[in-house]
Amino acid sequence: MNSENRLILMISSPYGARYYNVNLIFKHIIIYFFTFIGSIVFFILIALHTLASEINNIENKYKYIEDSYQTLLDKNLSLLGQISAKKEEFLLIADKIEDLEGIIGVVNDNPNYGLQNRVEAASITGLQKIFIMKFVPNGLPLDSYKRISSGYGYRIHPLNGSREFHAGIDFSSNLDTPVYATADGVVDFAKDGWNGGYGTLVKIDHSFGFKTYYAHLHSFAVKRGQFVKKGQLIAYVGNTGVSTGAHLHYEVRFLGSHINPKHFTEWDMSNFDKIFNKEKNVAWQSLLMTINNLMLQIPTEQRLSQQKQNLKES
Ligand SMILES: [Zn+2]
């Protein structure tokens, strides 16, 4: 049957006749056609796949860029915050300098006067500091102590158990530990006895309204009316008066009123400005201004030689 349906194509030429089986040709054409279509579909699939992965890639890149942008945005925000904090800090410093200028009486009319120059002008000179640290009580009245057995303020009394005001700081220490004056001054009181519970007591009058008390002493090395220097030996620790063990009761008074000696015992050259904020009972501004005026009255040459002298002494 098959062979009957076969279409044979004969092409004759001068060299002879050629036969072509049309069915076979048709079959080949169909095979080629489907192979071609198949290839195209295959390539399209590959192309689609590549495209999809490319899109995925781009999406990832986009996400990364978006993240980077967000990070930069956050960084920018935090930097802006820091800038505004620095601005505030700067304004605060400028304010502080203005305060200091007020304290020491520096007049600053020039708006172009730089911050650096203003800092230098406002800083209290070394000589002024030396002056203040000589005449206003500062530092500890003894070289060493065991512990602070009682601070300044209200407490339960160790002997009678009642709540009462403790007007000084108690330095628990060994018997006969040397006690030193905390500033230049004149001895106002130096006596044995009960002395209202203070026991053996030394009082020193200092400049500018300050007074210091050294109580419960074993003995003293100065007498009333004697001028003393800062750091001079004045007495020895004892257990006299209302006392439960060898200790020094140290008081600082200003214009007759008790003030917390803590800020004064912690005060030295390195933290010179700290006490101005801590101790509000003293009008430091006018005290510093007074000292500043005193300094200005000393001629420059004399000040220089004084400074040299101070360097030699220290
Ligand atoms: Zn005490």
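Refer to the structure presented above.
## Let's talk about unusual backbone geometry
Leaving glycine aside, a negative phi is the common case for residues, and trans is the common case for peptide bonds.
Part 1 of the reasoning: Positioned with a positive phi, asparagine 195 is a non-glycine residue whose angle comes to about 50 degrees.
Part 2 of the reasoning: By secondary structure assignment, the location of asparagine 195 is in the loop between strand S8 (185-191) and strand S9 (200-205).

## Digging into the coordination of the zinc ion
Part 1 of the reasoning: In the first shell of the zinc ion, the protein supplies His166 (NE2), Asp170 (OD), Asp170 (OD) and His249 (ND1), at 2.0 to 2.7 Å from the metal.
Part 2 of the reasoning: Note that the zinc ion binds four donor atoms; their angles at the metal cover 53 to 152 degrees, and the shape is irregular.
Part 3 of the reasoning: The class of histidine 249 is buried, set by a relative accessible area of 6%.

## Quick notes on the nonpolar core
Part 1 of the reasoning: By size, the foremost hydrophobic cluster in this structure holds 38 residues, and its most contacted members are Phe210, Tyr214, Ile234 and Trp284.
Part 2 of the reasoning: No other element matches helix H7 (residues 284-297), which puts five residues into this core.
Part 3 of the reasoning: Those residues in contact with isoleucine 234 that sit more than four places away from it in its chain are Val179, Tyr180, Ala181, Val202, Ile204, Tyr214, Phe220, Ala221, Val222 and Val228.

## Focus on the pattern of salt bridges
Opposite charge on two side chains permits pairing when their charged atoms draw close.
Part 1 of the reasoning: A complete count under the given rule lists nine salt bridges for this structure.
Part 2 of the reasoning: A salt bridge links arginine 155 to aspartate 170; the nearest nitrogen and oxygen atoms lie 3.6 Å apart. Taken as a pair, arginine 155 in strand S4 (residues 153-156) and aspartate 170 in strand S6 (residues 169-172) lie far apart in primary sequence, 15 residues in all. For the residue pair arginine 155 and aspartate 170, the accessibility class agrees, reading buried in each case.

## Things to note about the environment of threonine 212
Part 1 of the reasoning: Examined against the element boundaries, threonine 212 turns out to sit in strand S10 (residues 210-220).
Part 2 of the reasoning: Judged by its relative accessible area of 0%, threonine 212 is buried.
Part 3 of the reasoning: Through-space distance from the C-alpha of threonine 212 to that of valine 187 is 9.7 Å; in sequence the pair is 25 residues apart.
Part 4 of the reasoning: In this structure the side chain of threonine 212 is engaged in a polar contact, spanning 2.7 Å, whose partner is the side chain of histidine 206.
Part 5 of the reasoning: Within the structure, the side chain of threonine 212 is placed 2.9 Å from the side chain of tyrosine 214, a separation counted as a polar contact.

## Examining the side chain of threonine 177
Part 1 of the reasoning: The residue threonine 177 is located in the loop between S6 and strand S7 (178-180) in this model.
Part 2 of the reasoning: Residue threonine 177 is classed as buried on the basis of its relative accessible area of 13%.
Part 3 of the reasoning: Beyond its immediate chain neighbours, meaning those up to four positions away, threonine 177 contacts Leu142, Ser144, Ala235, Tyr236 and Val237.

Reading the values: the criteria
- Residues numbered from 1 in each chain as written.
- Predicted model: local features only at pLDDT ≥ 70, side-chain atom pairs only at ≥ 80, totals over all residues.
- Heavy atoms only, no water.
- Helix = DSSP H or I, 4+ residues; strand = E, 2+ residues; numbered from the N terminus.
- Donors = N, O, S within 2.8 Å, 3.2 Å for Na, K, Ca; no water.
- Tetrahedral: all angles 85-135°; square planar, octahedral: opposite > 155°, others 65-115°.
- Buried < 20%, exposed > 50% of the residue type's maximum accessible area, 1.4 Å probe, protein only.
- Core = buried A, V, L, I, M, F, W, Y, C linked by side-chain atoms within 4.5 Å.
- Contact = heavy atoms within 4.5 Å.
- Salt bridge = Lys/Arg side-chain N within 4 Å of Asp/Glu carboxyl O.
- Polar contact = N/O pair within 3.5 Å; in protein donor to acceptor, adjacent residues only side chain to side chain.

These results come straight from atomic positions and should not be treated as a statement about function.
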